[in-house]
Amino acid sequence: MDNVCEEQVFNTIFKSNSKTIFNYIYYKYGNEEKAYDAVQEAFVKLWENCAKVAPDKAKAFVYKVANNLYLNVLKAEKVRLKYAEKATKDRNQESPEFLLEEKEFKEKLERALDSLPENQRTVFLLNRIDGKKYAEIAEMEGISVKAIEKRMHLALKTLREQIDGI
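These numbers come from a predicted model, not from an experiment. (Residues numbered from 1 in each chain as written. Predicted model: local features only at pLDDT ≥ 70, side-chain atom pairs only at ≥ 80, totals over all residues. Heavy atoms only, no water.)

### Considerations on the overall build of the chain
What counts here: A run of H or I in DSSP counts as a helix once it spans at least four residues, and a run of E counts as a strand once it spans at least two, with each numbered from the N terminus. Buried means the residue's accessible area, taken with a 1.4 Å probe over protein chains only, is under 20% of the maximum for its type, while exposed means over 50%, and partly exposed covers the values in between. The Shrake-Rupley method, run with a 1.4 Å probe, gives the accessible areas here. Residue values count only the displayed protein chains as cover.
When you go through the chain residue by residue, the secondary structure sums to seven helices and zero strands. Listing every helix and strand of the chain by position from the N terminus yields α-α-α-α-α-α-α. Counting over 166 residues, the chain shows a buried share of 36%. For the chain, the exposed area adds up to about 10600 Å²; of that, 52% sits on carbon and sulfur atoms.

Rendered as structure tokens:
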């Protein structure tokens, strides 16, 4: 049977899960650097406990550890979601009015996302930005698909109320 202590098995687990776990922690708490640290530390803990964790439980172990590490870091910090600006295309042909409207929409969207409860914001971003299916998100959060559907419904309802045209 495969063992997490085998370097190849560990590397496979890391390669197939580290980016998704990073995104999960980042979307949930909004701090890129701390999310990266939590994921790295979670994989170190997986390695340290490799003999105790079965390969099929490794993904859940790392999610839980990364989340707990981040919660420990957070304590009283107020967290705000930040968007990494996507590479901007040549905007020379776009009118100042369009650019202003686009900026106002982004600000409105960011405010609306910030107003969502953390659990709804996380589900929304994992689904819409990362393209994760509800079943995958439910596994990450450790809750039912029905609960994820409800969170998504509430998030979309709030966003529609706050932003015209979503």
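Let us keep going from here.
### Structural notes on the side chain of T20
Applicable threshold: Any two residues whose heavy atoms approach within 4.5 Å at even a single point are treated as in contact.
For T20, the location among the structural elements is in helix α1 (residues 7-29). What T20 contacts, discounting residues up to four positions off in sequence, is Y63, K132 and M140.

### Brief notes about helix α2 (residues 32-48)
Here is the rule we go by: What a helix should span is 1.5 Å times the count of its residues minus one. The directions considered for the arc run from the helix axis to the C-beta atoms.
Helix length check: α2 (17 residues) gives 24 Å between terminal C-alpha atoms against 24 Å at 1.5 Å per residue, within 8%. Those residues of α2 not exposed but buried are A35, A38, V39, A42, F43 and L46. In an axial view of α2, the angular spread of the buried residues amounts to 130°, which keeps them on one side of the axis. Seen from the buried face of α2, the exposed residues on the opposite side, beyond 90 degrees, are E33 and E48.

### What about the packing of helix α6 (residues 134-141) against helix α7 (residues 145-162)?
Put simply, the rule is: To get an axis, a line is fitted to the C-alpha atoms, and for a helix only the part in contact is used. The angle between two axes follows their N-to-C directions and goes from 0 to 180 degrees. By definition in this entry, angles of less than 35 degrees are roughly parallel, angles greater than 145 are roughly antiparallel, angles of 65 to 115 are roughly perpendicular, and the rest are oblique. The classification used treats Ala, Val, Leu, Ile, Met, Phe, Trp, Tyr, Cys and Pro as nonpolar, Asp, Glu, Lys and Arg as charged, and all other residues, Gly among them, as polar.
Here α6 crosses α7 at 105°, and the two axes come no closer than 8 Å. One finds that α6 runs roughly perpendicular with respect to α7. Residue-level inspection shows Y134, A135, I137, A138 and E141 of α6 in contact with α7, the latter providing V145, I148, E149, R151 and M152. Of the residues that constitute the contact of α6 with α7, the class distribution is seven nonpolar, no polar and three charged.

### Examining the environment of A135
Mapped onto the elements of the fold, A135 is located in helix α6. Assessed through its relative accessible area of 48%, A135 is described here as partly exposed. Separated by ten residues in the primary sequence, A135 and V145 place their C-alpha atoms 5.6 Å from one another.

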